[in-house]
Number of protein chains: 4
Amino acid sequence: MDNDTTYLCTTDETSVTIRGKDLVTELVGHLTYTEMVFFLLRGRVPTPPETRVLDACLVILMEHGLTLNTLVARFVASAVPDQMQVAMGASLMTIGDTFMGTMEGCARILQAGVAADGDPRAYCAEVVAKHRAEKKAVPGFGHRFHKPDDPRSPRLFEIAEQAGAAGPHIAMLRILAEEVDRVAGRHLTINATGAIGAAFSDIGFKPEVMRGLAVVSRSGGLVAHIAEERESGSARLIEKLAKQNVQYRDPPAE
Amino acid sequence: MDNDTTYLCTTDETSVTIRGKDLVTELVGHLTYTEMVFFLLRGRVPTPPETRVLDACLVILMEHGLTLNTLVARFVASAVPDQMQVAMGASLMTIGDTFMGTMEGCARILQAGVAADGDPRAYCAEVVAKHRAEKKAVPGFGHRFHKPDDPRSPRLFEIAEQAGAAGPHIAMLRILAEEVDRVAGRHLTINATGAIGAAFSDIGFKPEVMRGLAVVSRSGGLVAHIAEERESGSARLIEKLAKQNVQYRDPPAE
Amino acid sequence: MDNDTTYLCTTDETSVTIRGKDLVTELVGHLTYTEMVFFLLRGRVPTPPETRVLDACLVILMEHGLTLNTLVARFVASAVPDQMQVAMGASLMTIGDTFMGTMEGCARILQAGVAADGDPRAYCAEVVAKHRAEKKAVPGFGHRFHKPDDPRSPRLFEIAEQAGAAGPHIAMLRILAEEVDRVAGRHLTINATGAIGAAFSDIGFKPEVMRGLAVVSRSGGLVAHIAEERESGSARLIEKLAKQNVQYRDPPAE
Amino acid sequence: MDNDTTYLCTTDETSVTIRGKDLVTELVGHLTYTEMVFFLLRGRVPTPPETRVLDACLVILMEHGLTLNTLVARFVASAVPDQMQVAMGASLMTIGDTFMGTMEGCARILQAGVAADGDPRAYCAEVVAKHRAEKKAVPGFGHRFHKPDDPRSPRLFEIAEQAGAAGPHIAMLRILAEEVDRVAGRHLTINATGAIGAAFSDIGFKPEVMRGLAVVSRSGGLVAHIAEERESGSARLIEKLAKQNVQYRDPPAE
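Residues numbered from 1 in each chain as written. Chains lettered and ligands numbered in written order. Predicted model: local features only at pLDDT ≥ 70, side-chain atom pairs only at ≥ 80, totals over all residues. Heavy atoms only, no water.

Enquirer: Explain the overall build of chain A to me, using residue names and the numbers behind them.
Expert: Along its length, chain A carries twelve helices and five strands. Considering only C-alpha atoms, chain A reaches an extent of 65 × 60 × 40 Å along its principal axes. Carbon together with sulfur atoms contributes 51% to the accessible area of chain A, which is approximately 8900 Å² in total. Distance between charge centres in chain A, computed from 27 positive and 32 negative side chains, equals 8 Å. (Helix = DSSP H or I, 4+ residues; strand = E, 2+ residues; numbered from the N terminus. Areas by Shrake-Rupley, 256 points an atom, 1.4 Å probe, with all protein chains shown as cover. Lys, Arg positive; Asp, Glu negative; His and termini not counted. Charge placed at Lys NZ, Arg CZ, Asp CG, Glu CD.)

Enquirer: Go over the interface of chain C and chain D with me, naming the residues and quoting the values.
Expert: Across the boundary between the two partners, chain C contributes 84 residues, which contact 84 residues of chain D. Carbon and sulfur atoms supply 67% of the area buried between chain C and chain D, which totals about 6700 Å² over both sides. Our count for the contact surface shared by chain C and chain D stands at zero salt bridges. Linking chain C to chain D there are 34 residue pairs in polar contact (both at pLDDT 80 or more). Sort the elements by how many residues they give to the side of chain C that touches chain D and helix α11 (residues 207-232) of chain C lands first, with 19 residues. (Contact = heavy atoms within 4.5 Å. Buried area = accessible area lost by both parts, 1.4 Å probe. Salt bridge = Lys/Arg side-chain N within 4 Å of Asp/Glu carboxyl O. Polar contact = N/O pair within 3.5 Å; in protein donor to acceptor, adjacent residues only side chain to side chain.)

Enquirer: Kindly report on the confidence of the model for chain A, identifying the contributing residues and their values.
Expert: With 99% of its residues at a pLDDT of 70 or more, chain A has an overall mean of 96. ipTM for the predicted complex: 0.96, alongside a pTM of 0.97. (pLDDT = per-residue confidence, 0-100.)

Enquirer: Give me the sheet that holds strand β3 (residues 15-18) of chain D: which residues, what numbers.
Expert: Strands in a sheet are paired, the pairing made by backbone hydrogen bonds, and the direction either parallel or antiparallel. Residues and elements named next belong to chain D. Taken together, the three strands give an open sheet; going across it, the order is β2-β3-β4, and neighbouring strands pair in antiparallel fashion. A strand with exactly one partner marks an edge of an open sheet, and here the two such strands are β2 (9-12) and β4 (21-22). Relative to β4, β3 runs antiparallel, the two sharing two bridges. Residue pairing across strands places T17 opposite D22, the latter belonging to β4. (Pairing = 2+ DSSP bridges.)

Enquirer: Provide a residue-level description of the relation of the copies chain D and chain A, including the pertinent values.
Expert: Its rotation angle being 180 degrees, the transformation that places chain D on chain A also includes 0.0 Å of axial translation and leaves an RMSD of 0.0 Å. As the rotation angle and translation indicate, the two copies are arranged about a two-fold axis. In terms of proximity to the rotation axis, the leading residue of chain D is D:V86, whose C-alpha is 3.7 Å off the axis. When the interface residues of chain D are mapped onto chain A, 100% of them are again interface residues, pointing to one common binding face. (Least-squares fit on C-alpha atoms with pLDDT ≥ 70 in both.)

Enquirer: Just give me the short version of the environment of D:I18, but keep the residues and values in it.
Expert: Mapped onto the secondary structure, D:I18 falls in strand β3. On the basis of relative accessibility, which here comes to 0%, the residue D:I18 falls in the buried class. (Buried < 20%, exposed > 50% of the residue type's maximum accessible area, 1.4 Å probe, protein only.)

Enquirer: Give me helix α5 (residues 84-92) of chain B: which residues, what numbers.
Expert: Counting buried positions along α5(B) gives nine out of nine residues, so the element sits mostly inside the fold. Looking only at α5(B), the buried set comprises B:M84, B:Q85, B:V86, B:A87, B:M88, B:G89, B:A90, B:S91 and B:L92.

Enquirer: Residues and numbers for the pattern of salt bridges, please.
Expert: This structure, assessed with the given rule, holds 60 salt bridges over all chains. Residue B:R152 pairs with B:D150 through a salt bridge whose shortest N-O separation is 2.9 Å. Neither B:R152 nor B:D150 differs from the other in exposure class; each is buried. What you see here is one network of salt bridges that share partners, running through A:D97, A:E104, A:R108 and A:R211.

Enquirer: Explain the relation of the copies chain C and chain D to me, using residue names and the numbers behind them.
Expert: Aligned on chain D, chain C shows an RMSD of 0.0 Å; the corresponding rotation is 180 degrees and the shift along the axis is 0.0 Å. When the interface residues of chain C are mapped onto chain D, 100% of them again lie at the interface, so the same face is used by both copies.

Enquirer: Can you explain the sheet that holds strand β3 (residues 16-18) of chain B? Please cite residues and give values.
Expert: Residues and elements named next belong to chain B. Strand order across the open sheet formed by three strands is β2-β3-β4, with antiparallel pairing between neighbours. With partners counted over all chains shown, the strands left at the sheet margins are β2 (9-11) and β4 (21-22), one partner each. Pairing between β2 and β3: three bridges, direction antiparallel. In the sheet register, C9 faces β3, and the bridge partner there is I18.

Enquirer: If you had to explain the packing of aromatic side chains to someone new, which residues and values would you point to?
Expert: Enumeration over the complete set of coordinates arrives at twelve aromatic pairs over all chains. On the numbers, 5.5 Å between centres and 70 degrees between planes, the contact of A:F200 with A:F205 is edge-to-face. The pair formed by A:F200 and A:F205 is uniform in burial state, with each residue classed as buried. On the numbers, 5.4 Å between centres and 70 degrees between planes, the contact of D:F38 with D:F205 is edge-to-face. Here the residue D:F38 occupies a position in helix α2 (residues 33-42), and D:F205 occupies one in the loop between α10 (192-202) and α11 (207-232), the gap between them amounting to 167 residues. For D:F38, a relative accessible area of 0% gives the class buried. One aromatic cluster is present, formed by A:F38, A:F200 and A:F205 through successive ring pairs. Across from the ring centre of D:F205, 4.7 Å away, lies the NZ or CZ of D:R42, which sits over that ring. (Phe/Tyr/Trp six-rings, centres within 6.5 Å; stacked < 30°, edge-to-face > 60°. Lys NZ or Arg CZ within 6 Å of the ring centre and 35° of its normal.)

Enquirer: Tell me about the interface of chain D and chain A, and please be specific about residues and values.
Expert: Taken residue by residue, the interface counts 29 residues in chain D and 29 residues in chain A. Of the roughly 2300 Å² buried where chain D meets chain A, counting both sides, 55% is carbon and sulfur surface. At the boundary of chain D and chain A, one finds zero salt bridges. At the boundary of chain D with chain A, the tally comes to eight residue pairs in polar contact (both at pLDDT 80 or more). Of all the secondary-structure elements, those providing two or more residues to the side of chain D that touches chain A are β1 (5-6), β2, β3, α5 (84-92) and β5 (247-248) of chain D. For the side of chain D that touches chain A, the per-class residue count stands at eleven nonpolar, ten polar and eight charged. Bridging between strand β1 (residues 5-6) of chain A and β5(D) involves two bridges; their strand directions are parallel. Across the sheet, residue A:T5 finds its bridge partner in β5(D), namely D:Q247. (Nonpolar A, V, L, I, M, F, W, Y, C, P; charged D, E, K, R; others polar.)

Enquirer: For the side chain of C:S219, give the residues involved together with the corresponding values.
Expert: Here C:S219 shows up in helix α11. Of the residues examined, C:S219 reaches a relative accessible area of 0% and is grouped as buried. A distance of 2.6 Å separates a polar side-chain atom of C:S219 from the backbone oxygen of C:V216. Leave out the neighbours within four places in its chain, and C:S219 touches C:M88, C:L92, D:Y33, D:V216 and D:S219.

Pasting the structure below:
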């Protein structure tokens, strides 16, 4: 598209138009937040099954306790207490290639496989072999804490299936999982980001926007962490623990 | 609360517990994203009227075209194209005391007035007089672009009333508006952030978390702006316009 | 100044002009980094005493071990390992009203006192009395870790005095310190940010840019923390300590 | 190194120790800011030639007028006027793979070539051929604005040579430049980030920390931009230009 054009939104003195619809008369009160996120990104209102899957994905990722991500929010909130958005923004930056980023990688593999339209098992076997040859983990598999299975993944598949929104990408992820286990000689869980990569693909999202949706999801959880930090002051306790447990030593020479 | 305690979330190998409920069996598939944000922050599932108002507020704030906020997202996305979360985080930092921040200020006035439980008109007259004496604008009134009225405000009141979720804070904001106009001698619109400050107050949110909810709302809009920027490359055009229109001159002495 | 004007920099195909000077022939190789920061902000090259004080202030603030500030850098670097600038940016946001911000507050008091040009002791007594009445700490005094004295403050005064750059603001801070101690009935240290607020004032910086100079100083320290984090992986250890020591409990009702 | 260890800094009630030296008695007043950045990162005080090159690199990158980078700083400063560090942090995030990032890529090529210790011209020819085959630009060459030559590059080489700090990496970059021109059939400038990648390599910096040093450099320039933005209000003018020149159109269907 042209660099002098936007398809998203325009305002005048008495109205706000978003992707061809009037915000006040056609969107507010008619769409939920989740539907509006879909509408703004895709240009059409989602179907109820699509909404159900998107809601499930956004709920699943919102909260996972004290992790690097929420600790950053608490630390920044402790240092800049009156500017909640600063703590949120700093924390959301951590949703990158390591943390939640396997969503994108897994979705890329699944979307390429579905688009190739060949034998899914042969495709998955090739993907696993290629990662093994490069000594890389297949994105979307394994979890630091959840063993033997990330409980969120089968639940998400169940919701997608009940809604009638499970399609070829979830199907391919199941085959990929069998190949991953077969080659590893042991069971590796499909993790939540892998499952979401598949579910997002089945409702038509491109890999490039998925981490943006993860940011949306997490933002909801951070408000609660920062509100709690203001009451509890945990950041100062953790700072103290860090000082006690990571000790200074005189450095070796360069 | 104690600094060694969190009430939000814990995980073990096979489950995620959020505020006393099991994520997999009790939350995902049962709550929408909007309901989950409320639940995580407040510790109880919202009623349908509360959900309806929260959805309306989150939809209203999501998108307002090319503003400082979305331009920051586009500029950072242009410079760091593969890390969407960085552009989102940087942009969300702008939701501060100037941009959307009047929500908090207006809510504080309304919540103090309702808590005081006296004559609302006398309270509002006093608030207006005090701001006038300090030559400050009453937060929640006036808008740079929307004149004579921000169309989003009456629509939000309508939704809250139809849902049965309009309470004393919206009522007080209407009285405050009359006093603002009376003292100004002309009509000043209740702007969207003022209206949301009242609606959020009526469903029980404290002023301190409101800008966090604005961050949640905006995050949904930014995904679309960044996805569009990748296609259009508007940031480079605007950079060029800035160079052409803000010109260098040799500085005067210190 | 006009909104279509900048006094800072312009470029053309073969040159870069900064505040009236040619970068290549007049600045690079002629000014140190510290002198260039001063020149860009103030429009003139600093005198050697000014440079000496600015260098001392920038060196003093650069590093203070594992604090909220450096922990944020380490956590974000752990999550987004290939984008060092993201960890630096997120960490630098913490240099706010709580962390290093007393520099600004102390400088405002000193600059107002010097500008008033009255009896310094009467002014300082009044400042202390006013803060006591409002139950606020006088900015620039007291330190969490350094007792009875922050060792950085007397050293900075010594450097400023030897350079001939100690002026009325450092003098007034000494008087203010006497008044603080007298009213408190015990000794409170002038902390490093208080001392720097005075030293910066004596070389002509306004309070509004001081935290920006603190950001410059800290940025130098963060590079080393992030480089070390990549080797050591301390962030994951601290995350584990946080999980072990901040424990989940089922929440009380709203 | 172990995750329970830091070699950087420890503090106690009366002292600050940085990499084995006492901050107050051995560092402040003895080292410039530039020397301290080197010392903290490398563990030894730089030689005068190393300091001279590091200063030159930090001065060269500090300021380049109104670019995406400084515009982000101005926009955020306009929205969050009292928190200069937020505008700085958001702006510094843009120093990524696109903006200044070629420094790292160029340094990696040069350091690998020097380490290989073979025929430099054969190595450079191979590098250029490989990039050509992959249709990628060789990092460190070409500039959007500076033609035919980025004036900063020869000046930096001159400073390094005069200081006696020009070594095999600058030498190899010159050979690489000849090969780039030969294969392209036209002259491409060595840009400032390419030149700095070579100069930083000759004074012993690893590619992984180079963008961190670019952040340090830029942070100094941003203070001046934000201070100026507060006076001029250019962000609002540019926002207006963006609205006028990037126009809304109803979107095509998905």
